[in-house]
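As a plain string of letters, each chain reads:
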Amino acid sequence: MIHQVQNPIVELHDLTVSYLQKPVLWGIDLTLPAASIIGIIGPNGAGKSTLLKAMMGLIELSSGYVKIFDQDLDKVRSRVSYVPQKESVDWDFPASALDVVLMGRYGKLGLFNRPRKADKEVAMECLRQVDMVDFAKRQISQLSGGQQQRVFLARALAQEADLYFMDEPFAGVDAATEKAIINLMKTMSNQGKTVVVVHHDLQSAQEYFDWAVLLNLRLIASGPVDQVMTTKLLQETYGGKLTLLAEVGELLTKKEFPSREKQWE
Amino acid sequence: MNIVDFISLSDPNVRFVVIGSMLLAASSAIVGCFTLLKKKALVGDAVAHSVLPGVCLAFLLSGVKNPVFLIIGAFITGWLSLVLIDFITARSKIKEDTAIGLILSVFFGIGILMLTVIQKSGNAAQSGLDHFLFGQAASLVGMDLIVFSAISLILIIAVVICYKELAIIAFDEGFAQSIGFPVRALELLLTTLTVLAVVTGIQAIGVVLMAAMLITPAAAARFWTSNLKVMILLAAALGALSGLIGAYISYLAPAMPTGPWIVMVISLIAILSFFLAPQKGILVRWFKQKNFQTQMLEENILKLFYQLGEINGNFYTPRTVEQIMERRPFQDFRLRKGLIKLKRQGYLESTSQGWAYTQAGKTKGQRITKLHRLWELYLTEYLRIAPDHVHEDAETIEHIITPELEKRLEEKLEYPRLDPHQSEIPYHK
Ligand SMILES: Nc1ncnc2c1ncn2[C@@H]1O[C@H](COP(=O)(O)OP(=O)(O)OP(=O)(O)O)[C@@H](O)[C@H]1O
Ligand SMILES: [Mg+2]
């Protein structure tokens, strides 16, 4: 079930990526539609982060090519924004929330130019959009995980891009924050922007995304979310794990085994 | 030379040595901030030790102690060591820290060997060369001074120009690459700056301890601030200060190497920072905690007077220490200390029959009691915690609730009359 679209915003052709000779993404042909919210879904180690990095040109491709807005990434970089997994940076770095959001302006500023007053204003506005104005001057290590995630999001907004790649923006955020973020994404897609999100929760995927990509080292499905999120395709994606889990669950009910040790007491 | 002569810098020679030492210590501290934040502290150590064979080789080949040749030699082997570390890490199962240790000892060993050869050969010009092990600031004169100072200035200028770029590759390399910054080149730049920073210090501080000069000021500065710019300026200032003291000692005791002194000074500063710095320093944290404990004790005493007053219907009855202890077992000497302090603050007065509230004392005791009971009610009503579990929590929270929170709490609960234990909540009338 792999839908290809006309005039895609992202096009991957025969993309293969390897770490130390071991391929972790195999021959992926993928096209993504513009002005939509796209979920990339798959188990841990499926290569979701790797896929984003490959699309952002952050790792070498073993084969294939990536085209964004029908061009090489280098030509359109200023229109693309990348939000790494939150754990990829050291939050003990001496910087305030505002400092981090200002980094979103660096691409537009170019090398060696200092952020101007206007950039600071944009950064503050982006912090406002994620409801973090009160924390602008706060040292980033003193923010909660969810607040750090919002700061990363604000940094992406500050890039004023047309296409956003976000690696697990919902990891470790509470339900209210998740709602706020998804609303923000919906506004963005209404403005014609495209958001590509790595996501783990199958339940909310239906509701959040217009388009879903199922991935497990290879591309399993790509298409409108209601056609992709089927039991059969999900089982194929999560492989033996999902069925094994189901079996274990059944065993628990059948034997009336407590699911927590505590219940013995 | 006495301290007055030194401080007045009347001797131009002294003046230049002092300025030179401060400048190079400051510049390596500035670069060291980024080395530290990029988690490359060990790499700095490897470079520092690896420049020794380069220095010796340059001397052996040229036969003269010319700073330019020596720096070129140092730069080459310093760089070579980094390339080898990267190569070993990438091409074998050996981890980076092991590779660093390996390269460091091999290069330094070769350097020492060469130094021994040079010393044995009895070349007159070598007299200054052994300073490269532990440094001698006073020998920083003439051509040496000019060259090392020039490099220091270049380092500082480079960091000023590339501040934003160095900061972003230290914080989030992936992001920097995603916005099209030349990450490889910037990393190369930082490595080059690190090597140069080490090279500037070889004469005044020496290769053995130069890594400490790179990292310690940055680490000390980090204790005081969470702002990168402030951290850099502070590191530079601390570095310069240790450079100054080192230069002085070098004059005072010419036979003594300077490096260990400078490093001792900066280490002392780092240790003091560890204890004294606000927020991060452990002494300050300790004081804060101590203060909070005292505040809790005092407020608990005032609260107790209020509860005793509720029992007999008169809040201003004097109470003896024994009566207080009967109701709540404080530590005896802490209680007495607290009572005396509360008297000094005007919340209690001591009479012949014991201690009694003043007007202000009663107001304060009543407020604490009110907060305690409000919080208990809040916990049971809003967080659905069982009434017999809320007391402990309220014991702490009552001391930190601000007047604004107090007002919100009252409004949210709509000025209730009784707490979960059916005690009356005393509002101020
Ligand atoms: N730098 C690396 N070197 C070697 N192997 C790597 C590297 N990064 C990832 N891998 C491997 O590539 C595979 C895909 O990793 P990736 O991080 O893309 O997974 P993911 O889908 O993002 O997982 P998660 O849900 O845990 O974030 C994994 O098997 C992982 O072990
Ligand atoms: Mg991932």
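Residues numbered from 1 in each chain as written. Chains lettered and ligands numbered in written order. Predicted model: local features only at pLDDT ≥ 70, side-chain atom pairs only at ≥ 80, totals over all residues. Heavy atoms only, no water.

1. Examining the packing of helix α14 (residues 282-312) of chain B against helix α17 (residues 359-382) of chain B
All names here are of chain B. With their axes 8 Å apart at the nearest point, α14 and α17 run at an angle of 90° to one another. Of the possible angle classes, the one that applies to α14 and α17 is roughly perpendicular. Taken together, the residues of α17 that come into contact with α14 (itself represented by Glu299, Leu302, Lys303, Tyr306, Gln307 and Glu310) are Gly361, Lys362, Lys364, Gly365, Gln366, Ile368, Thr369, His372 and Arg373. (Axes fitted to C-alpha atoms, helices over the stretch in contact; angles between N-to-C directions. Helix = DSSP H or I, 4+ residues; strand = E, 2+ residues; numbered from the N terminus. Parallel < 35°, antiparallel > 145°, perpendicular 65-115°, else oblique. Contact = heavy atoms within 4.5 Å.)

2. Notes on the coordination of the magnesium ion (ligand 2)
All names here are of chain A. Only Ser49 (OG) and Gln85 (OE1) from the protein coordinate the magnesium ion (ligand 2), and they sit 1.9 to 2.6 Å from it. In this pair, serine 49 sits in helix α1 (residues 48-55) while glutamine 85 sits in the loop between β5 (80-83) and α3 (97-102), placing the two residues 36 residues apart along the sequence. Accessibility expressed as a relative area gives 18% for serine 49, which makes it buried. You can call glutamine 85 partly exposed: its relative accessible area is 25%. (Donors = N, O, S within 2.8 Å, 3.2 Å for Na, K, Ca; no water. Buried < 20%, exposed > 50% of the residue type's maximum accessible area, 1.4 Å probe, protein only.)

3. What about the interface of chain A and chain B?
Interface size, as often reported, equals the accessible area lost upon joining of the parts. Each partner contributes to the interface: chain A provides 30 residues, whereas chain B provides 28 residues. For the pairing of chain A and chain B, the buried interface totals around 2,400 Å² over both sides, and the portion due to carbon and sulfur atoms is 64%. Interface area lost by chain A to chain B is led by Phe93, Pro94 and Tyr106 of chain A, which between them contribute 26%. Here arginine 155 of chain A and aspartate 172 of chain B are joined by a salt bridge, their closest N and O atoms 2.8 Å apart. Put simply, chain A and chain B have 11 residue pairs in polar contact (both at pLDDT 80 or more) between them. Mapped by element, the contributors of at least two residues to the side of chain A that touches chain B are α4 (106-109) and α6 (145-158) of chain A. If you tally residues by element for the side of chain A that touches chain B, the top one is α4 of chain A, at 3 residues. A per-class count over the side of chain A that touches chain B returns 17 nonpolar, 8 polar and 5 charged. (Buried area = accessible area lost by both parts, 1.4 Å probe. Salt bridge = Lys/Arg side-chain N within 4 Å of Asp/Glu carboxyl O. Polar contact = N/O pair within 3.5 Å; in protein donor to acceptor, adjacent residues only side chain to side chain. Nonpolar A, V, L, I, M, F, W, Y, C, P; charged D, E, K, R; others polar.)

4. Brief notes about helix α3 (residues 41-62) of chain B
Since the α-helix packs 3.6 residues into each turn, any two residues three or four apart lie on the same face. Helix length check: α3 of chain B, at 22 residues, gives a terminal C-alpha distance of 32 Å against a target of 32 Å (1.5 Å per residue), a fit within 8%. Directly beyond the C-terminal end of α3 of chain B, a positive phi value near 80° is found at glycine 63 of chain B. (Expected span 1.5 Å × (residues − 1).)

5. With respect to the packing of aromatic side chains
Evaluated as defined, the whole model comprises 13 aromatic pairs over all chains. With a centroid separation of 5.3 Å and an interplanar angle of 70°, the aromatic rings of phenylalanine 274 of chain B and phenylalanine 275 of chain B are classed as edge-to-face. Ring centres of phenylalanine 305 of chain B and tyrosine 357 of chain B lie 5.6 Å apart, and the angle between their planes is 40°; on these two criteria the pair is classed as tilted. Here phenylalanine 305 of chain B is found in helix α14, whereas its partner tyrosine 357 of chain B is found in strand β2 (residues 354-357), with 52 residues between them in sequence. Overall, the relative accessible area of 1% leaves tyrosine 357 of chain B in the buried class. Clustering of aromatic rings is evident, with ring pairs tying together Trp91, Phe93 and Phe152 of chain A together with Phe171 of chain B. Its end group placed over the ring of tyrosine 65 of chain A, lysine 67 of chain A keeps NZ or CZ at 5.6 Å from the ring centre. Stacked on the ring of phenylalanine 69 of chain A, the Lys or Arg arginine 79 of chain A has its end atom at 3.7 Å from the ring centre. (Phe/Tyr/Trp six-rings, centres within 6.5 Å; stacked < 30°, edge-to-face > 60°. Lys NZ or Arg CZ within 6 Å of the ring centre and 35° of its normal.)

6. Side note on the nonpolar core
One recurring pattern in soluble globular proteins is that nonpolar side chains are buried together. Core analysis: the biggest nonpolar cluster contains 146 residues, and Met185 and Leu214 of chain A together with Phe34 and Leu228 of chain B have the highest contact counts within it. Ile28, Leu51, Leu52 and Leu219 of chain A belong to the second-largest nonpolar core, a separate cluster that totals 34 residues. (Core = buried A, V, L, I, M, F, W, Y, C linked by side-chain atoms within 4.5 Å.)

7. Digging into the site of ligand 1
All names here are of chain A. Close contacts around ligand 1 come from 14 residues, with Gly45, Gly47, Lys48, Ser49 and Thr50 the closest. Here an oxygen atom of ligand 1 and a side-chain polar atom of asparagine 44 are 3.0 Å apart. Burial of ligand 1 by the surrounding chains reaches 63%, relative to a free accessible area of 640 Å². Breaking the shell around ligand 1 down by element, the ones donating at least two residues are β2 (22-32) and α1. The biggest single contributor to the shell around ligand 1 is α1, with 3 residues. Per-class residue counts for the shell around ligand 1 are 4 nonpolar, 7 polar and 3 charged. (Near = heavy atom within 4 Å. Areas by Shrake-Rupley, 256 points an atom, 1.4 Å probe, with all protein chains shown as cover.)

8. Overview of the packing of α3 of chain B against helix α5 (residues 96-121) of chain B
Residue and element names in this part refer to chain B. At their nearest, the axes of α3 and α5 sit 8 Å apart, and the two run at 25° to each other. Taken together, the axis directions place α3 and α5 in an arrangement best described as roughly parallel. Viewed along their axes, α3 and α5 form a crossing whose handedness is left-handed. Residues of the contact of α3 with α5, tallied by class, amount to 19 nonpolar, 3 polar and 3 charged. (Left-handed = near helix turned anticlockwise from the far one by under 90°.)

9. A word on the confidence of the model for chain A
Residues and elements named next belong to chain A. On average, residues of chain A score 86 in pLDDT, and 90% of them reach the 70 mark or higher. The spread of mean pLDDT over the elements of chain A runs between helix α10 (residues 231-255), the lowest at 60, and α3, the highest at 96. In the predicted structure, residues 242-246 sits below a pLDDT of 50 and forms 3 contacts with residues beyond four places in sequence or in another chain. Segment residues 257-265 is flagged for pLDDT under 50; beyond a separation of four residues in sequence, or across chains, it makes 4 contacts in the model. (pLDDT = per-residue confidence, 0-100.)

10. Section: the domain arrangement of chain B
All names here are of chain B. You can read the domains of chain B as domain 1 (3-276) and domain 2 (281-429). Relative placement of domain 1 and domain 2: their C-alpha centres are 57 Å apart. Counting residues at the interface gives 4 residues for domain 1, matched by 4 residues for domain 2. Summing both partners gives a buried area of about 370 Å² for domain 1 against domain 2, and 70% of it is carried by carbon and sulfur. The largest per-residue losses of area from domain 1 upon contact with domain 2 belong to Phe274, Phe275 and Leu276, which jointly make up 90% of the total buried on that side. Scanning the region where domain 1 abuts domain 2 turns up 0 residue pairs in polar contact (both at pLDDT 80 or more). For the side of domain 1 that touches domain 2, the per-class residue count stands at 3 nonpolar, 1 polar and no charged. (Domains from an automatic or database assignment.)

11. Here we look at unusual backbone geometry
Phi is mostly negative for residues that are not glycine, and the peptide bonds are mostly trans. In this structure, glutamate 160 of chain A takes a positive phi of about 50° despite not being glycine. Relative to the helices and strands, glutamate 160 of chain A resides in the loop between α6 and β6 (163-166). You will see that tyrosine 415 of chain B, though not glycine, has its phi angle at about 45°, which is positive.

12. Remarks on the layout of surface pockets
Counted as a void, the largest pocket has a volume near 870 Å³. In terms of lining, the largest pocket is formed by 23 residues, of which the most central are Asp86, Glu173, Val183, Arg184 and Glu187 of chain B. Of all elements in the fold, only α4 (67-91), α9 (173-178) and α10 (183-200) of chain B reach the threshold of two or more residues within the lining of the largest pocket. Broken down by element, the lining of the largest pocket gets its largest block of residues, 7 residues, from α10 of chain B. In this model, the second largest pocket occupies a volume close to 480 Å³. In terms of lining residues, the second largest pocket is bounded by 21 residues, among which Asp99 and Leu102 of chain A together with Tyr163, Asn227 and Lys229 of chain B are the most central. Going through the elements one at a time, α3 of chain A together with α8 (163-171) and α12 (228-252) of chain B are the ones with two or more residues in the lining of the second largest pocket. (1 Å grid on protein atoms, 1.4 Å probe; cavity = no way out; pocket = protein on both sides within 12 Å on 5 of 7 lines; lining within 4 Å. Points joined across faces, edges and corners; volume = space filled by probe spheres on them.)

13. Here's the deal with a positive patch on the surface
Among the surface-exposed residues, Arg114, Lys120 and Lys137 of chain A together with Lys229 of chain B lie close enough to one another that they form a single positively charged patch. Here arginine 114 of chain A falls in the partly exposed class, since its relative accessible area comes to 43%. (Patch = residues over 30% accessible without salt bridge, like charges linked within 9 Å, V, L, I, M, F, W, Y side chains within 5 Å. Lys, Arg positive; Asp, Glu negative; His and termini not counted. Charge placed at Lys NZ, Arg CZ, Asp CG, Glu CD.)

14. Here we look at the confidence of the model for chain B
Residues and elements named next belong to chain B. Considering every residue of chain B, the mean pLDDT works out to 87; 96% of them sit at 70 or more. Confidence, expressed as mean pLDDT per element, reaches its minimum in chain B at helix α1 (residues 3-8) with 69 and its maximum at α8 with 95. Scored by ipTM, the complex comes to 0.84, with pTM at 0.77.

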